[in-house]
Amino acid sequence: MFSKKQTKTSMKDCSGDPEIFRRKLREADTVVIGAGSGLSVSAGLTYSGERFKTYFADFIEAYHMPDMYSGGFWPYESLEEYWAWWSRHIFYNRYVDAPKPVYKNLLELVKDKDYFVITTNVDHQFQKAGFDKKRLFYMQGDYGLWQCSVPCHQETYDNEAVVREMIARQKNRKIPTDLIPNCPVCGKPMTMNLRCDGTFVEDAGWHEAKNRYDEFIRSHEEMKVLFLELGVGANTPVWIKYPFWQMTAANPNATYVCINLGEAIVPNEIRHQSICINGDIVDFI
């Protein structure tokens, strides 16, 4: 129904009144949260600037990297260096609390509602903030999981203990060779469980979460649903944005809410059912 060629109106063409949002939230039978990277940026988990310089000064000096995202695709000289980078990336974006309490404030907003979360974020901040893990679908993976790089089997492995040891023992941008993770089945190198290409492992936990989300949507499709989209950009709209638009159009009782600094947009077809907030999520929530 909707595509990248869809004609959209700006946030000025649908209501951005917080009072209307509060009323719709009170009236809603259920809330479906769709979260993108903008939510974590609002929480202070930025990939550039001072935070990047603080944690990766040695890599910046050696390679003149512009940001953390670029570092994830860098052609490192060895696996020891590769995992020195990734252990830090994982630790500071997965095992350290976000600088700002956006996720905890969001939970306070919906904790008494029947809610579900679908997110492309892989930093696990929803669960760290106290959201019910049975109401979360991390569809793009998890920084806290590794998988076989082949992959030779469809399982993932928790990495926290090894990552913490990598952090403690790395020197000169390298981890000790004995800490390089290899697949316990085929012996090939492990890699991140992130949806970057066709090798992404959708393990049993991933499918269970997807089934719970799909069933939640089916069982609430005619109710007063508030689709709350937070920080979802235009790079991958097919996972959250377009489905939220489609489900809103199909349900006259639904309300679509988009909170996104500079990207609060809505199609003409559901403008009358929409609330757009062109601002920082941390301020609005």
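Note that the structure is a prediction, hence the values are computed from the model and not measured.

Participant: Can you help me understand the overall build of the chain in this one?
Facilitator: Looking only at helices and strands, one finds eleven helices and eleven strands in the chain. Computed over its C-alpha atoms, the radius of gyration of the chain comes to 20 Å, within 12% of the 19 Å expected for a compact globule of 285 residues. Across its three principal directions, the C-alpha atoms of the chain cover 60 × 40 × 35 Å. Relative to its 285 residues, the chain shows a buried fraction of 49%. In the chain, the proportion of contacts linking residues at least 24 apart, taken out of those at least 6 apart, comes to 68%. Of the roughly 13500 Å² of accessible surface on the chain, 50% is carried by carbon and sulfur atoms.

Participant: Please clarify how the pairing of strand E8 (residues 225-230) should be interpreted in this entry.
Facilitator: If a strand is regular, its side chains alternate between the two faces of the sheet. In terms of burial, E8 is a largely internal element, six of the six residues being buried. A two-sided burial pattern is seen for E8, the buried positions comprising Val225, Phe227 and Glu229 on one face and Leu226, Leu228 and Leu230 on the other. As judged from the six bridges shared by strand E2 (residues 30-35) and E8, these two strands associate in the parallel manner. Paired with threonine 30 across the bridge in E8 is valine 225. Direction of pairing for E8 relative to strand E9 (residues 255-259): parallel, over a ladder of five bridges. Counterpart to leucine 228 in the pairing with E9 is valine 257.

Participant: Explain the pattern of salt bridges to me, please; I cannot follow it from the model alone.
Facilitator: Opposite charge on two side chains makes pairing possible when the charged atoms of those side chains draw close. As enumerated under the stated definition, the model contains 17 salt bridges in all. Across the pair lysine 241 and glutamate 229 runs a salt bridge whose closest N-O atoms are separated by 2.5 Å. Note that lysine 241 is positioned in helix H10 (residues 241-250) and glutamate 229 in strand E8, a separation of twelve residues in sequence. In terms of burial, lysine 241 and glutamate 229 fall into one category: buried. One salt-bridge network, held together by shared partners, links Asp114, Asp132 and Arg135.

Participant: Help me understand unusual backbone geometry, please; the structure alone is not making it clear to me.
Facilitator: A negative phi angle characterises most non-glycine residues, just as the trans form characterises most peptide bonds. Proline 151 follows valine 150 through a cis peptide bond whose omega is -10 degrees. Along the chain, proline 151 turns up in the loop between strand E5 (141-148) and strand E6 (156-158). Residue arginine 173 is not a glycine yet carries a positive backbone phi of 65 degrees. Residue classification places arginine 173 among the partly exposed positions, given a relative accessible area of 21%.

Participant: Just checking my understanding: could you explain the sheet that holds strand E7 (residues 190-194) for this structure?
Facilitator: Strand pairing in a sheet takes place through backbone hydrogen bonds and is either antiparallel or parallel in direction. Taken in spatial order, the three strands line up as E6-E5-E7 in an open sheet, and their pairing is antiparallel. Among the strands making up the open sheet, the edge pair consists of E6 and E7. With strand direction ignored, the average angle separating the axes of adjacent strands in the sheet is 50 degrees. Pairing analysis gives three bridges linking E5 to E6, with the strands arranged antiparallel. Looking at E6, one finds that tryptophan 146 is bridged to tyrosine 157. Helix H5 (residues 79-95) rests against E5 and E7 of the sheet, and its axis sits at about 145 degrees to E5.

Participant: Help me understand the packing of H5 against helix H8 (residues 160-169), please; the structure alone is not making it clear to me.
Facilitator: Between two packed helices, the angle of one axis relative to the other and the distance separating the axes together describe the packing. Axis separation between H5 and H8 bottoms out at 9 Å; the angle between their running directions is 115 degrees. H8 is crossed by H5, and the crossing has left-handed handedness. Along its contact with H5, which presents Trp83, Ser87, Arg88, Ile90, Phe91 and Tyr95, the element H8 presents Glu160, Val163, Arg164, Met166 and Ile167. Of the residues that constitute the contact of H5 with H8, the class distribution is seven nonpolar, one polar and three charged.

Participant: What is the right way to read the environment of tryptophan 83 from this model?
Facilitator: Along the chain, tryptophan 83 turns up in helix H5. C-alpha of tryptophan 83 to C-alpha of threonine 54: the two residues are 29 residues apart in sequence and 18 Å apart in space. The contact partners of tryptophan 83, leaving out residues within four places of it in the chain, are Trp146, Met166, Ile175, Ile180, Pro181, Met190, Thr191 and Met192.

Participant: I keep staring at the nonpolar core and nothing clicks. Help me out?
Facilitator: Taken as a class, soluble globular proteins show a tendency for nonpolar side chains to be buried jointly. Ranked by internal contacts, the top residues of the largest apolar core, which has 30 residues, are Ile33, Leu39, Phe126, Phe131 and Leu228. For this core, the element with the most residues is helix H6 (residues 102-110), which contributes five residues. Excluding residues within four positions of it along the chain, phenylalanine 126 makes contact with Ile33, Ala35, Leu39, Tyr103, Leu106, Val117, Thr119, Phe131, Leu136 and Tyr138. Of all hydrophobic cores here, the second largest spans 29 residues; its members include Tyr82, Val122, Met190 and Leu194.

Definitions and cut-offs
- Residues numbered from 1 in each chain as written.
- Predicted model: local features only at pLDDT ≥ 70, side-chain atom pairs only at ≥ 80, totals over all residues.
- Heavy atoms only, no water.
- Helix = DSSP H or I, 4+ residues; strand = E, 2+ residues; numbered from the N terminus.
- Rg over C-alpha atoms; globule rule 2.2 N^0.38 Å.
- Buried < 20%, exposed > 50% of the residue type's maximum accessible area, 1.4 Å probe, protein only.
- Contact = heavy atoms within 4.5 Å.
- Areas by Shrake-Rupley, 256 points an atom, 1.4 Å probe, with all protein chains shown as cover.
- Pairing = 2+ DSSP bridges.
- Salt bridge = Lys/Arg side-chain N within 4 Å of Asp/Glu carboxyl O.
- Axes fitted to C-alpha atoms, helices over the stretch in contact; angles between N-to-C directions.
- Left-handed = near helix turned anticlockwise from the far one by under 90°.
- Nonpolar A, V, L, I, M, F, W, Y, C, P; charged D, E, K, R; others polar.
- Core = buried A, V, L, I, M, F, W, Y, C linked by side-chain atoms within 4.5 Å.

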